[in-house]
Amino acid sequence: MKKTKRISLVSSMLKIGVIGFGGGTALIPVIENEIVEHSGIITEEEYNKEVMIASITPGALPVEIAAGIGLKTGRTRGMIAAASAMAFPGAALTLLLLLLFSGAGEDLRTQIGFVSAGISVFIIIVLIKYVTETVKQAQSRREKAIYLFVLLAVFALSGEKNIYELLGLPFTPVFSISAIQILTAAFFVILFTRGELRRIKRTIPALVLTLAYFLSTGSLHVLPLKLKPYLLGLMLILSALGLFHSVSETACSKNLPLKQLSSSLSGWLLFTLLLSLPAICLTRKTFSFLGTGFISSVMSFGGGDAYLSIAQDLFVDSGIISHREFYGNIAAAANVLPGSILCKILTGIGYTLGYGMNQSVTEGILMAVSGFACSVASSGIIFTIVRAFYEKYESLQVFTLLKRFVRPIISGLLLNVAISLYLSAIQPQLGNGLPSVITLLVTAVLFVGNLRRL
């Protein structure tokens, strides 16, 4: 990759990182708008491929997408540069906010909240544009109908709770399924049926098992909650068997790109070592912190707020940091700032651990840098491995079907994200003490103003 193109990619990722409110999934169309439409760094087909791989990989979703784009255009150096640029703004702002919390903490959060509201309106527009473009990509009326059915079904399953809240309806959601549960079910159906949905003998059992999983997971727990782990375990086993049979029945002439894989993994390890070396020299606890951070990233399926429960289990419940430090400072900072939750949380935990050793800001910053390195590298390492296996087995029917349906599925999730952004970032700021009608009117004005810029 030429130097000018590398600079363009890094600057684009920094820009997205600064305006990246709304979580990882919300940034999928934002990245596409910047990288595919405006900059033309990669094609839409290449971008959809990276999104699909990132969607089935644990870790920070926007960081992984950035890593894939960087790898595609600039090999290992491009991958590390793009992923780091995507994660840096959120991590740096988290560190800055933690430094300032002791003084004007609440006032600062309020001001950032108003900025978040304005940017969130712009992101909602981009989300809606992504959804409409998904439907337009259908090559026939039948395919358009299928796309609409899939995205509306996903929206209904994932957004039921938000829809009721938006409309002021006092109903208890039956489903209200999370994004990762939706993706888990979709991958299960495709893998178990081996990408051949017309085979009724496999498709019907897959759909019945998926419905049972949803009913045991949803808010009302129509089926007992205790059934959920057994149903999930069965789905994972059947998915693995389906994938195994698909691989064994498909002639694959490609080999694993071991040279590229080795280069990428070596680059990530060197990146982590260089950024973490000052903290390692400071205390041996850095190794434990990096190890726990990597484990938390591997467990981070679903991303976003789902990572908070994982971080609580590994860092709070284990006694590494206190509940007050985690939710009063780290989570509070992360929730009002742009960027990946995973990257912001690990940066914040690093600062808290370092500062708590000797009440030293310098030591806190050094540990925060190691947390940032861990969050980016762990996501990059996991993504690099999954991507290598995908490159080898890309011709499988199941992957062809995944590439076809991953965009409609994500579009349905993005409709729910749009409502969540309004309820969490816009309504509380603009509607503080104001009637809901005025809040919607102000939102509409901001919407039209941003629409002209898109």
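Residues numbered from 1 in each chain as written. Predicted model: local features only at pLDDT ≥ 70, side-chain atom pairs only at ≥ 80, totals over all residues. Heavy atoms only, no water.

Peer 1: Could you give me a rundown of the overall build of the protein, with the residues and numbers involved?
Peer 2: Assigned secondary structure in the protein consists of 16 helices and zero strands. Each of the 454 residues in the protein was classed as buried or not, and the buried ones make up 52%. A sequence separation of at least 24 residues applies to 70% of the contacts in the protein between residues at least 6 apart. Split by element, the accessible area of the protein, about 20,800 Å² in all, is 64% carbon and sulfur. (Helix = DSSP H or I, 4+ residues; strand = E, 2+ residues; numbered from the N terminus. Buried < 20%, exposed > 50% of the residue type's maximum accessible area, 1.4 Å probe, protein only. Contact = heavy atoms within 4.5 Å. Areas by Shrake-Rupley, 256 points an atom, 1.4 Å probe, with all protein chains shown as cover.)

Peer 1: A description of unusual backbone geometry should follow, citing residues and the corresponding values.
Peer 2: For Arg 75, which is not glycine, the phi dihedral falls at a positive 55°. Note on Arg 75: relative accessible area 65%, which makes it exposed.

Peer 1: Explain the nonpolar core to me, using residue names and the numbers behind them.
Peer 2: Residues Met 13, Ile 69 and Ile 345 are the most contacted members of the largest nonpolar core, which totals 109 residues. The element best represented in this core is helix α4 (residues 61-136), accounting for 19 residues. Once you skip the residues sitting within four places of it in the chain, Ile 345 turns out to touch Tyr 307, Leu 308, Ala 311, Phe 326, Ile 330, Ala 331 and Ala 334. One finds Leu 95, Leu 337, Tyr 351 and Ala 368 within the second-largest nonpolar core, a separate group that totals eight residues. (Core = buried A, V, L, I, M, F, W, Y, C linked by side-chain atoms within 4.5 Å.)

Peer 1: Summarise empty space enclosed by the protein; cite the residues concerned and give the values.
Peer 2: Within the structure shown, the criterion is met by three cavities of 30 Å³ or more. Its volume calculated, the largest cavity comes out at about 60 Å³. In this structure, the largest cavity is lined by Pro 29, Glu 32, Asn 33, Glu 37, Val 126, Lys 129, Tyr 130, Glu 133 and Arg 407. Elements represented by at least two residues in the lining of the largest cavity include exactly α2 (27-38) and α4. Taken as a whole, the second largest cavity spans an internal volume of roughly 40 Å³. The wall of the second largest cavity is formed by Leu 71, Pro 257, Gln 260, Leu 261, Thr 384, Arg 387, Ala 388 and Glu 391. Listing elements by their share of the lining of the second largest cavity, those giving two or more residues are α9 (258-282) and α14 (361-392). A breakdown of the residues in the lining of the second largest cavity according to their chemical character gives four nonpolar, two polar and two charged. (1 Å grid on protein atoms, 1.4 Å probe; cavity = no way out; pocket = protein on both sides within 12 Å on 5 of 7 lines; lining within 4 Å. Points joined across faces, edges and corners; volume = space filled by probe spheres on them. Nonpolar A, V, L, I, M, F, W, Y, C, P; charged D, E, K, R; others polar.)

Peer 1: Explain the environment of Asn 255 residue by residue, including any values.
Peer 2: With respect to the helices, strands and loops of the structure, Asn 255 is situated in the loop between α8 (228-249) and α9. Assessed through its relative accessible area of 66%, Asn 255 is described here as exposed. Through-space distance from the C-alpha of Asn 255 to that of Phe 389 is 9.2 Å; in sequence the pair is 134 residues apart.

Peer 1: Account for the state of the cysteines, with residues named and values stated.
Peer 2: Under the counting rule described, the total for this entry stands at zero disulfides. No disulfide involves Cys 374; its nearest neighbouring cysteine sulfur is the one of Cys 343, lying 9.5 Å away. Cys 374 sits in the buried class, given a relative accessible area of 5%. (Disulfide = S-S within 2.5 Å.)

Peer 1: Quick rundown of the packing of aromatic side chains? Include the residues and the values.
Peer 2: Under the counting rule described, the total for this entry stands at eight aromatic pairs. With a centroid separation of 5.7 Å and an interplanar angle of 15°, the aromatic rings of Phe 188 and Phe 192 are classed as stacked. In this pair, Phe 188 and Phe 192 both sit in helix α6 (residues 179-192), four residues apart, roughly one turn of the helix. Owing to a relative accessible area of 13%, Phe 192 belongs among the buried residues under this scheme. Aromatic pair Trp 268 and Phe 271: ring centres 5.7 Å apart, planes at 85°, arrangement edge-to-face. You can see Trp 268 and its partner Phe 271 sitting in helix α9, three residues apart, about one turn around the helix. (Phe/Tyr/Trp six-rings, centres within 6.5 Å; stacked < 30°, edge-to-face > 60°.)

Peer 1: Just give me the short version of the environment of Gly 90, but keep the residues and values in it.
Peer 2: Note on placement: Gly 90 falls in helix α4. Judged by its relative accessible area of 1%, Gly 90 is buried. A C-alpha to C-alpha distance of 9.9 Å links Gly 90 and Ala 333, two positions 243 residues apart in sequence. Apart from residues no more than four positions distant in its own chain, Gly 90 is found in contact with Gly 17, Pro 338 and Lys 344.

Peer 1: Before we move on, can you summarise a nonpolar patch on the surface with the specific residues and values?
Peer 2: Nonpolar side chains collect at one region of the surface, where Leu 93, Leu 96, Leu 99, Leu 100, Val 361 and Ile 365 lie side by side and expose about 420 Å² of accessible area between them. With four residues, α4 is the largest single contributor of residues to the nonpolar patch. Inspection of the secondary structure assignment puts Leu 99 in helix α4. A relative accessible area of 33% means that Leu 99 is categorised as partly exposed. (Patch = residues over 30% accessible without salt bridge, like charges linked within 9 Å, V, L, I, M, F, W, Y side chains within 5 Å. Salt bridge = Lys/Arg side-chain N within 4 Å of Asp/Glu carboxyl O.)

Peer 1: Describe α2, listing the residues and the values that go with them.
Peer 2: Within an α-helix, residues lying three or four positions from one another point in the same direction, as the helix has 3.6 residues per turn. For α2, spanning twelve residues, the distance from its first C-alpha to its last is 15 Å, which sits close to the expected 16 Å at 1.5 Å a residue. Of the residues trailing α2, Gly 40 is marked for its positive phi of about 65°. (Expected span 1.5 Å × (residues − 1).)

Peer 1: Give me the lowdown on the pattern of salt bridges, citing residues and values where you can.
Peer 2: For the coordinates displayed, the defined rule picks out nine salt bridges. For Lys 15, the salt bridge is made with Glu 34, and the minimal N-O distance between the two is 3.3 Å. Taken as a pair, Lys 15 in helix α1 (residues 3-18) and Glu 34 in helix α2 lie far apart in primary sequence, 19 residues in all. According to the relative accessible area criterion, Lys 15 is partly exposed, its value standing at 46%. Given a relative accessible area of 11%, Glu 34 falls into the buried group. Put simply, Glu 50 and Arg 387 hold a salt bridge, and the shortest N to O gap is 2.7 Å.

Peer 1: Would you mind going over helix α12 (residues 323-335) in detail, with residue names and values included?
Peer 2: Along α12, the positions that sit buried rather than exposed are Phe 326, Ile 330, Ala 331, Ala 332, Ala 333 and Ala 334. One side-chain oxygen at the N-terminal end of α12 lies 3.1 Å from the backbone nitrogen of Glu 325; it belongs to Ser 322. (Polar contact = N/O pair within 3.5 Å; in protein donor to acceptor, adjacent residues only side chain to side chain.)

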